[in-house]
Each structure stands twice: as C-alpha cells, then as structure tokens.
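Structural characterization, general
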Amino acid sequence: MTVSNPIFEIEQTYGQSIWMDNLSRDVLQSGELQRMIDTRGIVGITSNPAIFEKAIKGNKIYDTDIEAGIRAGKPILEIYESLVFEDIRNACDILRPVYEKSNGLDGYVSIEVTPTIANDTAKTIAEAKRYFTTLDRPNVMIKIPGTREGLPAVEESIYQGINVNVTLLFSVESYIDSAWAYIRGLEKRAAEGKDISKIASVASFFLSRIDTNIDHRIHEKLTGVDRIERKVKLLEVKGKVAIANAKIAYQKSKEIYASDRWKALAEKGAKVQRLLWASTGTKNPEYSDVMYVDELIGRDTINTLPPATIEACADHCHPGDRIESHVELAYNLIENLQDPDIDIDLDAVMEELLLDGIEKFVTPFQSLLNSLEEKARKLAPV
C-alpha cells in the first residue's frame, strides 16, 4: 500500500524519477529499501565508496562474511568486493520488479569502479566489464567518472553493452561530452547490427558541491567590500549557480536528443541518457532542504536523494515543472560570474571540484580497506 506524498506526484505528473543515494546491508535486510519503494516512490539506488565505507565500517552485520573471507585466505580487496557485490545483487533483485514494470527505464542500482583508477582508461574499461559480468544483473549500472580518461571508457563500455552511470559531472561541457560518448558507443554497436534497446545510461550532474565552493569564494570576496553595488552583485549569485548550471545542461540535453544522429538511434530502440541530479542534500542551513529537488523537477530526468532529503521531500516538496522556468536568467547568472565585481572563474571551480570529487571517493575507499584489514586482524583465527 502506498502513502501519498509529493514524490509520487513528481514521478507521475512531471516525469522525473526519484532514486535513493544510499545503500547498506541493513537497508536491504530490514526491508527498508522495499518500504522506500512502496511508500516513498523510490525507483532506483546509487552507491559509492563513501557510502560503502559508512555502511561497512564498524557494522557487525558484515563480520560473518569478513571472517569467512579471512578463513578462505582471500586478499582484502577481494573480501571488500564480495561484501559490496552481494549488497548490489540483492538490491538489484529487490528493484527488479521496478525495472521490469518500467521496461528498463528505472529499477537500477549503481556501483562505482575502483576510484583509484579514475585516470586510467584501459583499467576502467576492464573493471567495468568485470563488474558488469560478475554482478550478472540486467539492472546494474557501472559508475564511471566523467574525467578526460573516463569518457573513452564510457564509450567503449556502452559499445560492449554495459549500463553506465557517468559520474562526477560538474560543468555543462563535461555533461555534453558524456552524452556524445554515450551516443558514439551506441552508434558503434548499431553499426555492427547489435541490439541497442536494452542499454541504459545516466549522466550524474552534481549540484550542492558547486554552491558550497562558490559560496565560500563569495564569502571571501565580501570581506572588506566597500561598495554596496559590488556587495549586491555578489549576494545575487550566492546559492544560485548550481541550479542555473543544471538548467543550462538540461537545455543542451534537449538539443542533443533532438539531433538527427540521435533520431537514427532512437529508431533502433535506443534510450535517452537521462540527466541525473546528484549531490542534492542541501549543505547550507540557510537554504531550503529541498531546493535541489523543487527547482529541478522536469521530464526525463532523475533526482537521487539521500534518505534525509527523501523524507523532507515527502513532507514538504512543492512539485511543479520548473526545469525550464527562468532559463534566460540562468544563462545571465552564469555569464555574470565574469563581471569584474564578481570575478569567479567557473571553469577553475569545475576543475577543482572534479579533482576534489575523485579524492572524496579515493579517501573513503582506502579508509575502508584499512578498516577491513584491521577487522581481519581481529577476526583472524588464532
């Protein structure tokens, strides 16, 4: 039985899917994920090394499997994968009815390739293939970062028939590059007469980290400002860049999927690579806790929310088709960053965020492996 909440309206009226940005064995075994599907309208789930570190570190629910891996003489990385792969498979099985009912539109579970290989194309391709084959679920998506080295891996993985979640996209240009990498992969596959109708991809476009970075820069610039005009200009862009950036990306998406190249693929059953809004938990308490939901509701998109934001949205989101509202203002706002009184280099911000984003996955991944090694020592048979 479903409970009415704004999330169902977002999906049913406005055509946006809501996924959950959280995965742990507790969520699976307690029935929490099924409850989120039934009562909160969740139709997909994402994971990353930071999420798994939080899930596994200090959680006894994994100890039996860790101990079994130690007794079998498995290396730490293999033990880590066995834990994570089991959770991913079980999540895929729980979401499989959603996948079937939506004809492959939703019901996906995302897992990130090892973050330490983000800048190695060949290794990323090999790992994506290994993950996809080993997990053996039609509704699993392999996360590949949208780095310079990652995008050729996206193209090749799509060509090989692997579902891909292109992650860590911050700039509009990087999103455009990811969309064309997806299209090239499909074109190469279609040219060989292979089926392209079962392949799915999303482009994870990050939000709150952009505002956090730029708001920090604005705060520094406001220190000692002596002209009221400059202060007003700086405050006008505070907390607004991420949403403006996302609205422009959506317009670019519409252009790409209206192109003749895409239409030729659509005739063969290809699915649009949907934009997925990521990093949607509001970091600044001055802002609405659902600002990255309410302002970016739009057809053929996904919003992936942490549990706290899901509950906030179920309680007080205000659904409306807003992704294409105030688009001209969005373009103007991004252009105004170059105003000498504001002087924020958006390209530099995006590059900094990408490098920081990779590090935010590498650090917890290494921390988790270290934690597993420590657990292995404690659980090792005497």
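Residues numbered from 1 in each chain as written. Predicted model: local features only at pLDDT ≥ 70, side-chain atom pairs only at ≥ 80, totals over all residues. Heavy atoms only, no water.

Per an unreviewed UniProt entry, the recorded name for the chain is Transaldolase, and the organism is Pannus brasiliensis CCIBt3594. You can read under Sequence similarities (unreviewed entry) in the UniProt record for the chain the words "Belongs to the transaldolase family. Type 2 subfamily." (UniProt positions renumbered as here; feature names shortened; annotations may be inferred.)

**Observations regarding the side chain of Asn139**
Mapped onto the elements, Asn139 comes out in the loop between helix H7 (121-135) and strand S4 (140-145). For Asn139, a relative accessible area of 0% gives the class buried. In terms of polar contacts, Asn139 uses its side chain to reach the backbone carbonyl oxygen of Cys92, at 2.8 Å. Among residues more than four places away in sequence, those in contact with Asn139 are Cys92, Leu95, Arg96, Tyr99, Gly107, Tyr108 and Val109. (Helix = DSSP H or I, 4+ residues; strand = E, 2+ residues; numbered from the N terminus. Buried < 20%, exposed > 50% of the residue type's maximum accessible area, 1.4 Å probe, protein only. Polar contact = N/O pair within 3.5 Å; in protein donor to acceptor, adjacent residues only side chain to side chain. Contact = heavy atoms within 4.5 Å.)

**Here we look at the nonpolar core**
One finds Ile88, Ile111, Ile142, Tyr175, Leu186 and Phe205 to be the most contacted residues of the largest nonpolar core, which totals 129 residues. When residues of this core are assigned to their parent elements, the largest contribution, 13 residues, is made by helix H17 (residues 346-379). Excluding anything up to four places from it in sequence, Phe205 contacts Leu169, Phe170, Ser171, Val172, Tyr175, Asn245, Ala246, Ala249, Leu275, Leu276, Trp277 and Ala278. (Core = buried A, V, L, I, M, F, W, Y, C linked by side-chain atoms within 4.5 Å.)

**Structural notes on the pattern of salt bridges**
If you walk through the whole model with that rule in mind, you get 24 salt bridges. Close ionic contact of Glu127 with Arg130 constitutes a salt bridge, the shortest N to O distance being 2.8 Å. One end of the pair is Glu127 and the other is Arg130, both in helix H7 and three residues apart, which spans about a single turn. Judged by relative accessible area, which is 32%, Arg130 ranks as partly exposed. Here Glu156 makes a salt bridge to Lys188, at a shortest N to O gap of 3.5 Å. Of the two residues, Glu156 sits in helix H8 (residues 150-159) while Lys188 sits in helix H9 (residues 172-191), which places them 32 residues apart along the sequence. Judged by relative accessible area, which is 21%, Glu156 ranks as partly exposed. On the accessibility criterion, Lys188 (37% relative accessible area) is partly exposed. Via salt bridges that share partners, Arg25, Asp65, Glu86 and Asp87 belong to a single interconnected network. (Salt bridge = Lys/Arg side-chain N within 4 Å of Asp/Glu carboxyl O.)

**Examining the packing of helix H5 (residues 63-71) against H17**
Taken N-terminus to C-terminus, the directions of H5 and H17 make an angle of 75 degrees; their axes are 10 Å apart at the nearest point. Taken together, H5 and H17 sit at an angle that is classed as roughly perpendicular. Here H5 contributes Asp63, Ile66, Glu67 and Ile70 to the contact with H17, which in turn contributes Leu372, Lys375, Ala376 and Leu379. Tallied by class, residues from the contact of H5 with H17 come to five nonpolar, no polar and three charged. (Axes fitted to C-alpha atoms, helices over the stretch in contact; angles between N-to-C directions. Parallel < 35°, antiparallel > 145°, perpendicular 65-115°, else oblique. Nonpolar A, V, L, I, M, F, W, Y, C, P; charged D, E, K, R; others polar.)

**Details of the pairing of strand S6 (residues 201-206)**
Of all six residues in S6, six are buried, a share of seventy percent or more. Residue alternation in S6 divides its side chains into two sets, Ser201, Ala203 and Phe205 and Val202, Ser204 and Phe206, and both sets are buried. Across four bridges, strand S5 (residues 164-169) lies against S6 in parallel orientation. Pairing of Val164 across the sheet is with Ser201, part of S6. As a crossover connection, the stretch from S5 through H9 into S6 is right-handed. In terms of strand pairing, S6 meets strand S7 (residues 274-278) through five bridges, oriented parallel. Looking at the pairing, Phe205 lines up with Trp277 of S7. (Pairing = 2+ DSSP bridges. Right-handed = clockwise from strand over helix to strand, strands pointing away.)

**A short note on a negative patch on the surface**
On the surface, a cluster of negative charge is contributed by Glu173, Asp177, Asp343, Asp345 and Asp347. Within the element layout of this structure, Glu173 appears in helix H9. (Patch = residues over 30% accessible without salt bridge, like charges linked within 9 Å, V, L, I, M, F, W, Y side chains within 5 Å. Areas by Shrake-Rupley, 256 points an atom, 1.4 Å probe, with all protein chains shown as cover. Lys, Arg positive; Asp, Glu negative; His and termini not counted. Charge placed at Lys NZ, Arg CZ, Asp CG, Glu CD.)

**Some points on the state of the cysteines**
Counted under the stated rule, the structure contains one disulfide. At a sulfur-sulfur separation of 2.3 Å, the disulfide partner of Cys313 is Cys317. In this structure, the disulfide formed by Cys313 and Cys317 twists by about -115 degrees around the S-S bond and is classed as left-handed. The exposure classification of Cys313 matches that of Cys317, with both residues buried. (Disulfide = S-S within 2.5 Å.)

**Side note on H7**
Think of an α-helix as 3.6 residues a turn; residues three or four steps apart then line up on the same face. An ideal rise of 1.5 Å per residue puts 21 Å on 15 residues; H7 measures up with 21 Å between its terminal C-alpha atoms. Where the residues of H7 are buried, they touch helix H6 (76-101), strand S3 (109-112), S4 and H8. Measuring from the side-chain oxygen of the N-cap residue of H7 to the backbone nitrogen of Ala122 gives 3.3 Å; that N-cap residue is Asp120. With its phi angle positive at about 55 degrees, Asp136 sits one or two positions after the end of H7. (Expected span 1.5 Å × (residues − 1).)

**Some remarks on the packing of aromatic side chains**
Following the criterion strictly, the structure yields eight aromatic pairs and no others. Measuring from ring centre to ring centre gives 5.4 Å for Tyr80 and Phe365, while their planes differ by 80 degrees; the resulting arrangement is edge-to-face. Highlighted residues: Tyr80 in helix H6 and Phe365 in helix H17, separated in sequence by 285 residues. In terms of burial, Tyr80 and Phe365 fall into one category: buried. Ring geometry for Phe205 against Trp277: centres 6.2 Å apart, planes inclined by 70 degrees, an arrangement best described as edge-to-face. Linking Phe205 in strand S6 with Trp277 in strand S7, this pair joins segments that are 72 residues apart in sequence. Taken together through their ring pairs, the aromatic side chains of Trp19, Tyr99 and Tyr108 make up a single cluster. The positively charged end of Lys188 is found above the aromatic ring belonging to Tyr159, 4.3 Å away from the centroid. (Phe/Tyr/Trp six-rings, centres within 6.5 Å; stacked < 30°, edge-to-face > 60°. Lys NZ or Arg CZ within 6 Å of the ring centre and 35° of its normal.)

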